[in-house]
Amino acid sequence: MGIIEDRSTGHRFALPARCLLGRHDACDIRFDDPRISGEHASVRWLNGGWELRDLGSRNGTFLNGRRLAAGERVPLCVGRAFSLGGPKVELVVADVSPPGAAARHGGTGALRVASKGLLVLPDEASPLATIFEDEAGRWVAEVGDERRRISDQDVLQVGDDAWIVALPRSTAVTFQSGNAGCSLDQAHFRFAVRLDEEEVQIVMLVRGETTVLPHRSHHYLLVTLARARLADADAPEVDRGWLAREDLCRMLAMDPQRLSVEIYRARRQMMGLGLAGGAEVVERRGATGEIRLGVRSVAVVRLGS
């Protein structure tokens, strides 16, 4: 994700696909400086790169000492610096990666950005809502038990708070090149579980390539869902492996908030492997709130066998 840094404070700002800079409360990046206009300038991702545009500001936007004309657009690259309203507010481009999903709090203006293709609201410690791209490249939001498709600039109600989402047309991000072009549907997961159930190892096989996943606490959640899927092997695929959230919490001895955190962590690990549709490693059935493993091909064995 694109990043600009304020040279005077060292503060770094993550850039949504369309970023408004200025003094107004509605701006994505806000500066409390009277020389800066309410809506001073914008930074946008366009045609595969970031561009800066002055919005007709009173005191100007400057690039290399030259004042941009109102409405003028200039490309940005790493290390390029520009200032707003004069030399006091100078910003430098630190990263020009493509934008990911982001959301701005409707009240405070606080900005949340996606990590490894996942955007959670209000934060990772309390993931009440999760936003991600499905395998078909459509943006999906899960808020509680509700799951629906969303679009750029939609407003999501998360608890008592409203969030305005900013979604790029396509993230087109590969986090691990070895799995580029592969999808979760092509994966086989082999779970090896220690006899005392205290350790779970996951080996993923995709197109003949083997990946041993670093051990994480959420692996026990995944193997529990894998066992439920295997227990329903005789049922149609659409009906296999679903567990009620309450039952799953009881089986794992955790409360619903902890379960949400574990689901988020499992999805983040899969997204970090570069698998298309990796967030669907845990699926939710919106009408009932049931949960299942999104990997169709699984095996569960004893560790060491």
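Residues numbered from 1 in each chain as written. Predicted model: local features only at pLDDT ≥ 70, side-chain atom pairs only at ≥ 80, totals over all residues. Heavy atoms only, no water.

Structural notes on the sheet that holds strand β20 (residues 187-193)
By definition, the strands of a sheet pair up through backbone hydrogen bonds, in either a parallel or an antiparallel sense. Using the following cut-off: For two strands to be treated as a pair, DSSP must find at least two bridges joining them. Secondary structure elements follow DSSP: runs of H or I of four or more residues count as helices, runs of E of two or more count as strands, with numbering from the N terminus. Each axis is a line fitted through C-alpha atoms, taken for helices only over the stretch in contact, and angles between the N-to-C directions span 0 to 180 degrees. A contact between two residues is defined here by any heavy atoms of the two lying within 4.5 Å.
Spatially, 4 strands are ordered β22-β21-β20-β25 in an open sheet, and the strand pairing comes out mixed. The sheet terminates laterally at β22 (209-212) and β25 (297-302), the two strands that pair on one side only. Between one strand axis and the next, the sheet turns by 20° as a mean value, whatever way the strands run. Here strand β21 (residues 200-206) runs beside β22; their pairing, made up of 4 bridges, is antiparallel. Across the sheet, residue Met204 finds its bridge partner in β22, namely Thr211. Relative to β25, helix α1 (residues 219-231) is tilted by about 110°, and along the sheet it contacts β20, β21 and β25.

Description of the confidence of the model for the chain
This is how it is decided: Scored between 0 and 100, pLDDT is the confidence that the predictor attaches to each residue.
Put simply, the chain has an average pLDDT of 90, and 95% of its residues get 70 or more. Mean pLDDT across the elements of the chain bottoms out in strand β13 (residues 111-113) (83) and peaks in α1 (98). Overall, residues 171-178 carries pLDDT values under 50, and its contacts beyond four positions in sequence, including any with other chains, amount to 13 contacts.

Overview of the sheet that holds strand β5 (residues 41-46)
Strand order in the open sheet made by the 5 strands is β4-β3-β5-β6-β9, with mixed pairing throughout. Of all the strands in the sheet, the pair left with one neighbour each is β4 (29-30) and β9 (73-75). For β5 and strand β6 (residues 49-54), the ladder comprises 6 bridges, and the chain directions are antiparallel. Bridged to Arg44 within β6 is Glu51.

Remarks on the state of the cysteines
Note the cut-off: The criterion for a disulfide is a pair of cysteine sulfur atoms lying within 2.5 Å. Exposed residues in this analysis have more than 50% of their type's maximum accessible area, buried residues have under 20%, and partly exposed residues fall in between, with area computed by a 1.4 Å probe over protein chains only.
All chains considered together, the criterion is met by 0 disulfides. Its sulfur unpaired, Cys27 is 8.6 Å from the next cysteine sulfur, which belongs to Cys19. On the accessibility criterion, Cys27 (2% relative accessible area) is buried. In this structure Cys77 is a free cysteine whose sulfur lies 18 Å from that of Cys19, the closest cysteine sulfur available.

Considering the pattern of salt bridges
The test is simple: A pairing counts as a salt bridge when a side-chain nitrogen of Lys or Arg comes within 4 Å of a carboxyl oxygen of Asp or Glu.
Considering all chains together, one arrives at 30 salt bridges under this definition. Put simply, Glu142 and Arg147 hold a salt bridge, and the shortest N to O gap is 3.1 Å. Residue Glu142 is classed as buried on the basis of its relative accessible area of 3%. On the basis of relative accessible area, Arg147 is assigned to the partly exposed category, the value being 32%. A salt bridge links Asp239 to Arg285; the shortest N-O distance between them is 3.9 Å. Here Asp239 is found in the loop between α1 and α2 (245-252), whereas its partner Arg285 is found in strand β23 (residues 282-285), with 46 residues between them in sequence. Classification of Arg285 as partly exposed rests on a relative accessible area of 25%. Within the structure, one salt-bridge network assembled from shared partners comprises Arg229, Glu237, Arg240, Glu283, Arg292 and Arg296.

A short note on the side chain of Asp54
Position of Asp54 relative to the elements: it lies in strand β6. Leaving out residues up to four positions away in the same chain, Asp54 has contacts with His40, Ala41, Gly60, Thr61, Leu68, Ala69, Ala70, Gly71 and Glu72.

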